[in-house]
Amino acid sequence: MGRRQRNKQGPPAALDGSPKRQQKNGAKNKKNDKRKRDQPDSGLATTKKQKVVQKKKEVIEESEEDSGPEFLGELNGDASDGDDLWDNAEPATDDEDEELLDDEFDLEGGDAADIFPKADTNFLGSDSEQEEDEEEGDDEDMSDDDDHIGEFEGLDERKSRKIEARKARIAAEAEAELMDAAMQTNIAEEGERFQLPEGEEDELTADVTLVNQRIQEIVNVLNNFKTMRDPSKSRQDYIDRLIKDIAYYYGYSEFLAEKLFNLFSVSEAIEFFEANEVPRPVTIRTNTLRTRRRDLAQALISRGVNLDPIGKWSKVGLQVFDSQVPIGATPEYLSGHYILQAASSFLPVMALAPQENERVLDMASAPGGKTTYIAALQKNTGMVFANDFNKDRLKSLTANIHRLGVKNAVVCNYDGREFPKVIGGFDRVLLDAPCSGTGVISKDASVKLNKTEKDFIDIPFLQKQLILSAIDSVDAKSKTGAYIVYSTCSVIVEENEAVVNYALKKRPNVKLVKTGLDFGREGFTSFRGQSFHPSVKLTRRFYPHVHNMDGFYVAKFKKLSNKFDSSKDGESSNKKQGKDSKNDKQEEEIKFDDEEDAKYIEESKSKQRKKKSRK
């Protein structure tokens, strides 16, 4: 680079320096000033010449800034004529040297940053002080970083993570706002309230999509009734409209829809109706008379069955998710290693908890799932009386008993109300009573329409008769038992708590005890104006939308005595036959007559001997 070109080049742009740094630089320059004054005269001439050149440069630069283009033109013209800046240089003197040294190195009153500008970044490309400032102002400058992220692609990883987290948080808040807006489609502004539609029923239910949307809106209003209600409408008006929409949308009769709706809160009722539209999981029960659950699971998995244990509450249940083979036709099924059985059907047998060498009665046993489970828990000891009123159903009962290897079962076909006249004195009795089936709607959708108000009068009446017979069939003097379990696959109060409460009134010699089931909801002690015995809360309710199994009800009684006051039984035979009032309050005791049994046993043995002798 030539000497002239070097003269034309200006110094770098000045940066403001801090006062403290200026003072430090000024102090250092004073020390350098003293050192240079003490140097020998031999190097002083060279230093003076350099100072003169530097001073000339500053003069030229100041004149360029003042005169602008005109001075540049003159300077260029002078250079073209061959004039040299050194030609006009005046010889330096000692006084001028002193002044130059003072000007260059005495910086107490000047700006050190003009001579020693501070670099924007260090040689590694980052500045520690700048990073500290950025850390302190991250929260305040986050919005600015988002705007300029395209310009500064070199942001460090830490800042990038913060930006991404902030964007994710904003997206989540936006999604929550959208979901909230979807639930309140008709409440967009403050003061706007949902209006119940008016018109003919056919017009209101013409579009299924609108019916579903209206259900959600009415549920939202009922959950926030004070703020979202129409002042001209009562809560009952909203409920009536909701029940009609539920009945139409899910295919129920209005009578049954209202009966089921009243069991739950508004939001939970919708969950219950939705759960009834989804089939329950396929479950199987391991037959411990033939195999173990672990061995069965391994065998089925090897055949392409995807399964898992049903839960911690059962040691024999397995839930099947999918299968490459028909689950009801595998060699293991045909060999009696398992039975297809709903998870809810495990519950009454688990509550009954039969022991070995006991006499147990299953009053309504077909198709045999509970009977065979009882036999498995007894390990084929004792005796199980498997009774069912429907003779046609005994075929499937007998087939399952043989397939599963049950050897301690006696199959009989009696009306359950005939017990204990047929036989009594059992250690335990299981009554899985006939019911409306409102807990298994997912399996039998016909329940939605074919159940009427008359059914909910006749069915509970039969259940009350059966539960009294079941209680009378148990021997209170049993050393290991004297328990009765009552269960239904219904969720209606009239078939459950009302029947149990009736039994407690008619049979004061029994009491309710814990079922032994660790899950399930407590039974109702009061329902829509009806009050039940406080111990009814020991019973258990199971719902499809809560426990992912069929709706079920389980109650367990303990018989305290074989005697009871028959005058409290409105259905006592004494009243029917019109006997004297003296016989109304008689003590009854029901038990096995061993002498009479011995006579019948001897007769049967003699008949068998005669048959053998004839052969």
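Residues numbered from 1 in each chain as written. Predicted model: local features only at pLDDT ≥ 70, side-chain atom pairs only at ≥ 80, totals over all residues. Heavy atoms only, no water.

### With respect to the overall build of the protein chain
Helix and strand content of the protein chain: 26 helices and 15 strands. Expressed as a percentage of the 615 residues in the protein chain, the buried residues total 40%. Accessible surface, the protein chain: about 36,100 Å² in total, of which carbon and sulfur atoms supply 48%. (Helix = DSSP H or I, 4+ residues; strand = E, 2+ residues; numbered from the N terminus. Buried < 20%, exposed > 50% of the residue type's maximum accessible area, 1.4 Å probe, protein only. Areas by Shrake-Rupley, 256 points an atom, 1.4 Å probe, with all protein chains shown as cover.)

### Observations regarding the packing of helix 13 (residues 235-250) against helix 15 (residues 266-275)
Packing of helix 13 against helix 15 brings their axes to within 12 Å, and their N-to-C directions diverge by 10°. By the criterion of interaxial angle, the relationship of helix 13 to helix 15 is roughly parallel. Side by side, helix 13 and helix 15 meet where Arg 235, Leu 242, Ile 246 and Tyr 250 of the first sit next to Val 266, Ile 270, Phe 273 and Glu 274 of the second. Its residues assigned to classes, the contact of helix 13 with helix 15 comprises six nonpolar, no polar and two charged. (Axes fitted to C-alpha atoms, helices over the stretch in contact; angles between N-to-C directions. Parallel < 35°, antiparallel > 145°, perpendicular 65-115°, else oblique. Contact = heavy atoms within 4.5 Å. Nonpolar A, V, L, I, M, F, W, Y, C, P; charged D, E, K, R; others polar.)

### Here we look at the pairing of strand 7 (residues 409-412)
For strand 6 (residues 383-387) and strand 7, the ladder comprises four bridges, and the chain directions are parallel. Looking across to strand 7, one finds that Phe 385 is bridged to Val 410. (Pairing = 2+ DSSP bridges.)

### Some details on the packing of aromatic side chains
Following the criterion strictly, the structure yields 16 aromatic pairs and no others. With centroids separated by 6.1 Å and ring planes inclined at 55°, the aromatic side chains of Trp 313 and Phe 346 adopt a geometry described as tilted. Of the two residues, Trp 313 sits in the loop between strand 2 (305-309) and strand 3 (317-323) while Phe 346 sits in helix 18 (residues 346-352), which places them 33 residues apart along the sequence. The class for Trp 313 is partly exposed, based on a relative accessible area of 24%. Measuring from centroid to centroid gives 6.2 Å for Tyr 414 and Phe 419, while their planes differ by 80°, and the two rings are edge-to-face. An aromatic cluster is built from Tyr 249, Tyr 250, Tyr 252, Phe 264, Phe 272, Phe 273 and Tyr 543, whose rings are joined through pairwise contacts. Here Arg 235 stacks its cationic end above the ring of Phe 225, 5.4 Å away from the centre of that ring. Sitting over the ring of Phe 456, Lys 259 keeps its end group 5.6 Å from the ring centre. (Phe/Tyr/Trp six-rings, centres within 6.5 Å; stacked < 30°, edge-to-face > 60°. Lys NZ or Arg CZ within 6 Å of the ring centre and 35° of its normal.)

### Remarks on the side chain of Lys 451
Within the secondary structure layout, Lys 451 lies in the loop between helix 21 (447-450) and helix 22 (455-472). Of the side chains with opposite charge, Asp 455 comes closest to the buried, unpaired Lys 451, at an N-O distance of 5.0 Å. Those residues in contact with Lys 451 that lie beyond four places of it in its chain are Ser 253, Phe 255, Ser 436 and Phe 456. (Lys, Arg positive; Asp, Glu negative; His and termini not counted. Salt bridge = Lys/Arg side-chain N within 4 Å of Asp/Glu carboxyl O.)

### Digging into the packing of helix 22 against helix 23 (residues 497-506)
Two quantities define a packed helix pair, namely the angle between the axes and the distance from one axis to the other. Between helix 22 and helix 23, the shortest axis-to-axis distance is 10 Å and the interhelical angle comes to 45°. The angle between helix 22 and helix 23 places the two elements in the oblique class. Note that helix 22 runs across helix 23; the crossing there is right-handed. Only Ala 498, Val 499, Tyr 502, Ala 503 and Lys 506 of helix 23 make contact with helix 22, whose side of the interface consists of Pro 460, Gln 463, Lys 464, Ile 467, Leu 468 and Ile 471. (Left-handed = near helix turned anticlockwise from the far one by under 90°.)

### What about the confidence of the model for the protein chain?
For the protein chain, per-residue confidence averages 77 on the pLDDT scale, and residues scoring 70 or more make up 66% of the total. In this model residues 92-129 is a low-confidence stretch, pLDDT under 50, and it forms 49 contacts with partners more than four residues away in sequence or in other chains. Throughout residues 145-154 the model reports pLDDT below 50, and contacts reaching past four residues in sequence, or to other chains, amount to six contacts. (pLDDT = per-residue confidence, 0-100.)

### A short note on unusual backbone geometry
The amide bond that connects Ala 366 to the next residue, Pro 367, takes the cis arrangement and shows omega of 5°. With respect to the secondary-structure elements, Pro 367 resides in the loop between strand 5 (359-362) and helix 19 (369-378). In this chain, Phe 419 is followed by Pro 420 through a cis amide linkage whose omega measures 5°. Mapped onto the fold, Pro 420 is located in the loop between strand 7 and strand 8 (428-432). One non-glycine residue, Asn 380, lies in the positive phi region at around 65°. Residue placement: Asn 380 occurs in the loop between helix 19 and strand 6. Take Asn 380: its relative accessible area is 24%, and that puts it in the partly exposed class. The backbone of Ala 482 sits at a positive phi, close to 70°, despite the residue not being glycine. Examined against the element boundaries, Ala 482 turns out to sit in the loop between helix 22 and strand 9 (483-488). By relative accessible area, Ala 482 is classed as buried at 0%.

### Some details on the UniProt feature "binding site: S-adenosyl-L-methionine" (unreviewed entry) in the protein chain
On the UniProt side, "binding site: S-adenosyl-L-methionine" (unreviewed entry) is annotated at positions that read Ala 364, Ser 365, Ala 366, Pro 367, Gly 368, Gly 369, Lys 370, Asp 388, Asp 415 and Asp 432 here. Tracing the backbone through its elements, the reader meets Gly 368 in the loop between strand 5 and helix 19. The class for Asp 388 is buried, based on a relative accessible area of 6%. Among residues more than four places away in sequence, those in contact with Asp 388 are Met 363, Ala 364, Ser 365, Ala 366, Arg 393, Leu 394, Cys 412, Asn 413 and Tyr 414. From its side chain, Asp 388 meets the backbone nitrogen of Ala 366 in a polar contact 3.2 Å long. (UniProt positions renumbered as here; feature names shortened; annotations may be inferred. Polar contact = N/O pair within 3.5 Å; in protein donor to acceptor, adjacent residues only side chain to side chain.)

### Looking at the sheet that holds strand 1 (residues 282-286)
The sheet built from four strands is open, its strands ordered 2-3-1-4 with antiparallel pairing. Two strands close off the open sheet at either side, each with one partner strand: strand 2 and strand 4 (338-340). Strand-to-strand twist across the sheet, computed as the mean angle between neighbouring axes with direction ignored, equals 35°. Where strand 2 lies against strand 3, five bridges are found, and the strand directions are antiparallel. From the neighbouring strand, Asn 306 faces strand 3, where its bridge partner is Asp 322.

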